[in-house]
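Examining the three-dimensional arrangement
Each chain, written out:
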Amino acid sequence: GATYLPGSLRGDIYYLNPGTRMLPDFNSMTPVGSIYTRSLNVPNQSFTRGFPGVTARFEWFGIRYTGSFQVEMAGEYQFRCFSDDGSKLWVNGQLLINNDGVHPARSGVGSIFLNPGIHQIQLDYFQGPRVMVALQLFFTPPGGQERIFEFGQPR
């Protein structure tokens, strides 16, 4: 939604030029609004309504999600990002997943060793041509099972 939730990810929304084929440099752009979420769990689906209260645009937009999360156990954490179209995931400034470009829904996977404590996350995403959309972020903790990544919850 458009209202801040403690412990949530902030998603800054950007308009893209029609025909965009790769993630742009969001640092050089001005967001048109922001949304907040505790998880990225949009399975592959039709999307034609835009973001209520923010924008009616349903194609040619990008979102930069930023936030932090805490882990309680040291170990190798695996992340999987499922997206239609492009996405890139950074943890602590390290690029883990590069799933960029205009494409149907597909996954990218990356792993990182994390010590206990708070870590920074950034996920850049863009939606190109209409009408299918997908964006899901999964993680697998050391010795655990894959599940949707929920922010605001210690791991």
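Data block above holds the structure.
Below or above, wherever it landed, is the structure these notes cover. (Residues numbered from 1 in each chain as written. Predicted model: local features only at pLDDT ≥ 70, side-chain atom pairs only at ≥ 80, totals over all residues. Heavy atoms only, no water.)

With respect to the overall build of the protein
A tally of helices and strands in the protein yields zero helices and 11 strands. When the elements of the protein are put in sequence order from the N terminus, they spell out β-β-β-β-β-β-β-β-β-β-β. Relative to its length of 155 residues, the protein is compact, with a C-alpha radius of gyration of 15 Å against a globular reference of 15 Å. C-alpha atoms of the protein, sized along the principal axes, occupy 45 × 30 × 30 Å. Across the 155 residues of the protein, 49% fall into the buried class. Intrachain contacts of the protein at a sequence separation of at least 6 include 71% that bridge at least 24 residues. As presented, the protein carries roughly 7,400 Å² of accessible surface, and 50% of it is formed by carbon and sulfur atoms. Taking the average location of the 12 positive side-chain charges in the protein and that of its 11 negative ones, the two points are 4 Å from each other. (Helix = DSSP H or I, 4+ residues; strand = E, 2+ residues; numbered from the N terminus. Rg over C-alpha atoms; globule rule 2.2 N^0.38 Å. Buried < 20%, exposed > 50% of the residue type's maximum accessible area, 1.4 Å probe, protein only. Contact = heavy atoms within 4.5 Å. Areas by Shrake-Rupley, 256 points an atom, 1.4 Å probe, with all protein chains shown as cover. Lys, Arg positive; Asp, Glu negative; His and termini not counted. Charge placed at Lys NZ, Arg CZ, Asp CG, Glu CD.)

Quick look at the sheet that holds strand β4 (residues 61-71)
Read from one edge to the other, the open sheet built from six strands follows the order β2-β1-β4-β9-β6-β7, with strand pairing classed as antiparallel. The two strands at the open ends of the sheet, each matched to only one other strand, are β2 (33-37) and β7 (94-99). Direction aside, neighbouring strands of the sheet carry axes that sit 20 degrees apart on average. Both β4 and strand β9 (residues 117-127) contribute to a ladder of 11 bridges, which runs antiparallel. From the neighbouring strand, F69 faces β9, where its bridge partner is H119. (Pairing = 2+ DSSP bridges. Axes fitted to C-alpha atoms, helices over the stretch in contact; angles between N-to-C directions.)

Some thoughts on the nonpolar core
Counting residues in each nonpolar core, the largest one holds 29 residues, and the members touching the most others are Y65, F69, F79, V91, I121, L123 and L137. Only β1 (9-15), β4, β5 (75-84), β6 (87-91), β7, β8 (106-114), β9 and β10 (132-140) provide two or more residues apiece to this core. Broken down by element, the residue count for this core peaks at five residues, all from β4. Apart from the residues lying within four places of it in its own chain, the contact partners of Y65 are L9, R10, G11, I35, T37, L40, I121, Q122, L123 and L135. Residues Y14, F26, W60 and F126 belong to the second largest nonpolar core, which totals six residues. (Core = buried A, V, L, I, M, F, W, Y, C linked by side-chain atoms within 4.5 Å.)

Section: the pattern of salt bridges
On inspection of all chains with the given rule, the structure shows three salt bridges. A salt bridge links E146 to R80; its shortest N-O distance comes to 2.8 Å. Here E146 is found in the loop between β10 and β11 (147-148), whereas its partner R80 is found in strand β5, with 66 residues between them in sequence. Taking relative accessible area as the criterion, E146 reaches 36% and is therefore assigned partly exposed. (Salt bridge = Lys/Arg side-chain N within 4 Å of Asp/Glu carboxyl O.)

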